[in-house]
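Per-entry structural report
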Amino acid sequence: MKIELLKSQQNIILEPQEDTQYVIIPSGEASIDLILNKQGISAELFALFALKGSENVFLSTRSVHKVPHTTCTINVKGALFDSSVSNYIGKIIIEKPAQQTTSYLEDNILSIGNKTRNASQPILEIEADDVKASHGATTGRINADQIYYLMSRGLSKEAAEKIIISGFFEALLSKVVDEKIREQVRKKLNV
Amino acid sequence: MGRKQVQETYKTKKSNVGIVNSNYKAKYGFNVPENAVFKTKRGLNETVVRQISEMKKEPKWMLDFRLRGLKIFNEKVLPEWGGNLKNIDFDNIYYYLKPSDGEGKNWADVPMDIKNTFDRLGIPEAEKMHLAGVKAQFDSEVVYGSLMKELSDEGIIFMGTDEALKKHPEFFEQYFGKVIPSHDNKFAALNSAVWSGGSFVYIPKGAKVKRPLQAYFRINAINMGQFERTLIIADEGSEAHYVEGCTAPVYSADSLHSAVVEVIVKKGARFRYTTIQNWSNDVYNLVTKRARVEEDGIMEWIDGNLGSRLTMKYPSCYLVGERAHGEVLSIAYAAEGQHQDAGAKMFHIAPNTTSQIISKSVSVRGGRSSYRGMVNVSPSSDNAKSRVECDALILDADSRSDTYPVMKIDNSSANIEHEATVSKIGEEKMFYLMSRGLTEQEAMGLVVSGFIEPIVKELPLEYAVELNRLIELEMEGSVG
């Protein structure tokens, strides 16, 4: 599978011609159109971000299925520290001719700071019937039971938190096919 | 089955439907001749609003409230989102129609032709079955209402809103228009200007009503808009269940139904509001429903949308007291020519509030169903929890399904989950059922019934039976 690390900017339009994995660390405003216009193609888009201070991200993605037999997966994972803000709009559009489509979108926000804010709008617009389309979105804090478990094993609270945050991202990073890009993303996230 | 063959079968089935419909009037005869004593002129203006208020002999403050509503209605533009509202001709609607003189005190006083309609709706049967109380709305006013003695003994008030305004004005000054102010949206403003009928319910402190309170609604005049206004107050520690069901006769002209329902759930009270809406396919159903839930209160909306041409309805809960809980269970069924734009809204305002939304929709024969929802956690709401689940089934290639949820979280301690799926009926499920000897249609009906079952099981028995029967009927001719 081909892999591409995208630069964060507005109006990114992607039209993959072979199975491709895209990775992005969005900052500020970023919008991505992922157009599936070739039969049999499968595309993945992973967006990861960790926001500190009063940083904010306004991310929007559109997965547009135009022809039959295409697959798309979008995963967004964001950790919010301090008083950072994230806003995500993720749209799946399955046009009438695009039968046998599989499209999935997931958006997880881990809020760590005490003054964080976030908004999330996962949208589905589906005009074909032979499809599988779904999305999931969650916002939550670090699970207190997990912290407790790690602390009972002798870790400090900070260390335990750190492990959980890195685990939050690793769950997605482990799906990135290229080790070099994985390392690059880890460095940039800096958590 | 080949596609062509299937189309053929579909065609024959369609023509069968035509045969059934040809003697619909004679057989079911829902279309009783209109016998209105007073009707306002078509269209909406200040004179009409003043006339309505005068006819009802309302206090001055209600007239002012109506006129303010009219002003807001004229100022607000039609919403750009949701369904197509462009075809509503506001000037071609009767905003008020008084069916006959006064309210019937008992069954014997109810005019014969209205009785006939009720007979066909099965209301007397409902009474025989000792339902808690029946309020039937014929056109815009409650003409017949019966309350069981045990309800009034407990201090429960259940009557038409017009009657309640005269008998219990104290509640109206305090609560009327407070949960849904006139400027909330264009249709709430319209309702505020021309409202008529609806139910008023007051459940006193600690009262627990075991049997559901029921109301029936019908529209029965060409181009008649129904603008009922319902106000419900569940006082501290009380429990009750209110059920409304709608059936409407078939008309070719578009009609408009725009109700406002306000519910106040006080400390520790629990209230459930169930609606099964089956308007005829030319009705615009644009309803605002909202509950204010105080400390430890629980509000449940059960909302079934099967009929109408376009429904835009999002029952909501404002969770203003600590540990308040809001819940919406929603079913939408959209067939040819229908757009169900339904959903729910949850506003978490106080700390430790929780909410849940479960939505199931079915789109068939070119129907479109949309889920539109909102979960809003305000900065003052610590440790809010919300879970949203929406599932959609698309049964053929002509139909459409959309999901438009918004989650706005302004408090970092919130725990919010949202899940949505859209799919067709799995081939393996159909294969399994058909290998057990079911026909394609039976198998499909069974899968659809199973799909909506989590919500149907929450309905009172007679509604659950009715709904299942309706789905079965609707499924005829959808295979292919």
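Worth saying up front: this structure is predicted, and the values here are computed from it rather than measured.

Glancing now at the environment of Asn185(B). All names here are of chain B. Relative to the elements of secondary structure, Asn 185 occurs in the loop between α9 (169-175) and α10 (186-194). With residues near it in sequence (within four places) discarded, Asn 185 still touches Lys 76 and Thr 288. A polar atom in the side chain of Asn 185 sits 2.9 Å from the side chain of Asp 184.

This part is about the packing of aromatic side chains. Applying the stated criterion across every chain, the model contains 16 aromatic pairs over all chains. Measuring from ring centre to ring centre gives 5.3 Å for Phe73(B) and Phe90(B), while their planes differ by 75 degrees; the resulting arrangement is edge-to-face. Residue Phe73(B) is found in helix α4 (residues 60-75), and its partner Phe90(B) is found in the loop between α4 and β2 (97-98); the two are separated by 17 residues along the sequence. On the basis of relative accessibility, which here comes to 5%, the residue Phe73(B) falls in the buried class. According to the relative accessible area criterion, Phe90(B) is buried, its value standing at 16%. For the ring pair Phe171(B) and Phe200(B), a centre distance of 5.4 Å and an interplane angle of 45 degrees mean the geometry is tilted. Of this pair, Phe171(B) sits in helix α9 while Phe200(B) is found in strand β6 (residues 199-203), placing the two residues 29 residues apart along the sequence. One aromatic cluster is present, formed by Trp61(B), Phe65(B), Phe171(B), Phe172(B), Phe176(B), Trp195(B), Phe200(B) and Tyr202(B) through successive ring pairs. The ring of Phe168(A) has Lys77(A) lying over it, and the distance from NZ or CZ to the ring centre is 4.3 Å.

For the coordinates displayed, the defined rule picks out 36 salt bridges over all chains. Two residues, Arg186(A) and Glu183(A), come together in a salt bridge whose shortest N-O distance is 2.9 Å. Here Arg186(A) and its partner Glu183(A) are both found in helix α3 (residues 179-189), 3 residues apart, which amounts to about one turn of the helix. For Arg365(B), the salt bridge is made with Glu336(B), and the minimal N-O distance between the two is 2.8 Å. On the criterion of sequence distance, the pair formed by Arg365(B) in the loop between β19 (354-363) and β20 (368-377) and Glu336(B) in the loop between β17 (325-334) and β18 (339-348) is long-range, its members being 29 residues apart. Because the salt bridges share partners, they merge into one network encompassing Lys91(A), Glu125(A), Arg368(B), Arg400(B) and Asp402(B).

Attention now moves to the interface of chain B and chain A. Each partner contributes residues to the interface: chain B has 31 residues there, and chain A has 32 residues. For the pair chain B and chain A, the summed buried surface comes to about 2300 Å²; carbon and sulfur atoms form 48% of the total. On the chain B side of the contact with chain A, Met407(B), Ile409(B) and Ser412(B) bury the most area, a combined 23% of that side's loss. Here chain B is connected to chain A by 2 salt bridges. For the salt bridge of Lys424(B) with Asp130(A), the shortest nitrogen-to-oxygen distance reads 3.5 Å. If you look at where chain B meets chain A, you find 16 residue pairs in polar contact (both at pLDDT 80 or more). When residues in the side of chain B that touches chain A are grouped by element, the largest group, 10 residues, is from strand β22 (residues 400-409) of chain B. The residue inventory of the side of chain B that touches chain A, partitioned by class, reads 12 nonpolar, 10 polar and 9 charged.

Residue and element names in this part refer to chain B. Assigned domains within chain B: domain 1 (1-30), domain 2 (37-426) and domain 3 (427-480). Domain 2 puts 32 residues into the contact, and the matching count from domain 3 is 25 residues. The junction of domain 2 with domain 3 conceals about 2300 Å² of combined surface from both sides, 73% of it contributed by carbon and sulfur atoms. It is Ile 331, Ile 425 and Gly 426 that lose the most area in domain 2 upon contact with domain 3, and together they represent 24% of the buried surface on that side. In this assembly, domain 2 and domain 3 are joined by 2 salt bridges. For the salt bridge of Lys 424 with Glu 427, the shortest nitrogen-to-oxygen distance reads 3.4 Å. Seen at the junction of domain 2 and domain 3, the total is 6 residue pairs in polar contact (both at pLDDT 80 or more). Every element with two or more residues in the side of domain 2 that touches domain 3 is listed here: β7 (213-218), β9 (239-247), β12 (270-278), β17, β19 and β21 (385-394). Its residues assigned to classes, the side of domain 2 that touches domain 3 comprises 18 nonpolar, 8 polar and 6 charged.

Geometrically, a packed helix pair is captured by the angle between its two axes and the distance between the axes. Residues and elements named next belong to chain B. As a packed pair, helix α11 (residues 427-435) and helix α12 (residues 440-456) sit with axes 9 Å apart at the nearest point and diverge in direction by 125 degrees. Viewed along their axes, α11 and α12 adopt a mutual orientation that is oblique. The handedness of the crossing between α11 and α12 is right-handed. Where α11 abuts α12, its residues Met 430, Leu 433 and Met 434 lie against Glu 440, Ala 443, Met 444, Leu 446 and Val 447.

What counts and how
- Residues numbered from 1 in each chain as written.
- Chains lettered and ligands numbered in written order.
- Predicted model: local features only at pLDDT ≥ 70, side-chain atom pairs only at ≥ 80, totals over all residues.
- Heavy atoms only, no water.
- Helix = DSSP H or I, 4+ residues; strand = E, 2+ residues; numbered from the N terminus.
- Contact = heavy atoms within 4.5 Å.
- Polar contact = N/O pair within 3.5 Å; in protein donor to acceptor, adjacent residues only side chain to side chain.
- Phe/Tyr/Trp six-rings, centres within 6.5 Å; stacked < 30°, edge-to-face > 60°.
- Buried < 20%, exposed > 50% of the residue type's maximum accessible area, 1.4 Å probe, protein only.
- Lys NZ or Arg CZ within 6 Å of the ring centre and 35° of its normal.
- Salt bridge = Lys/Arg side-chain N within 4 Å of Asp/Glu carboxyl O.
- Buried area = accessible area lost by both parts, 1.4 Å probe.
- Nonpolar A, V, L, I, M, F, W, Y, C, P; charged D, E, K, R; others polar.
- Domains from an automatic or database assignment.
- Axes fitted to C-alpha atoms, helices over the stretch in contact; angles between N-to-C directions.
- Parallel < 35°, antiparallel > 145°, perpendicular 65-115°, else oblique.
- Left-handed = near helix turned anticlockwise from the far one by under 90°.

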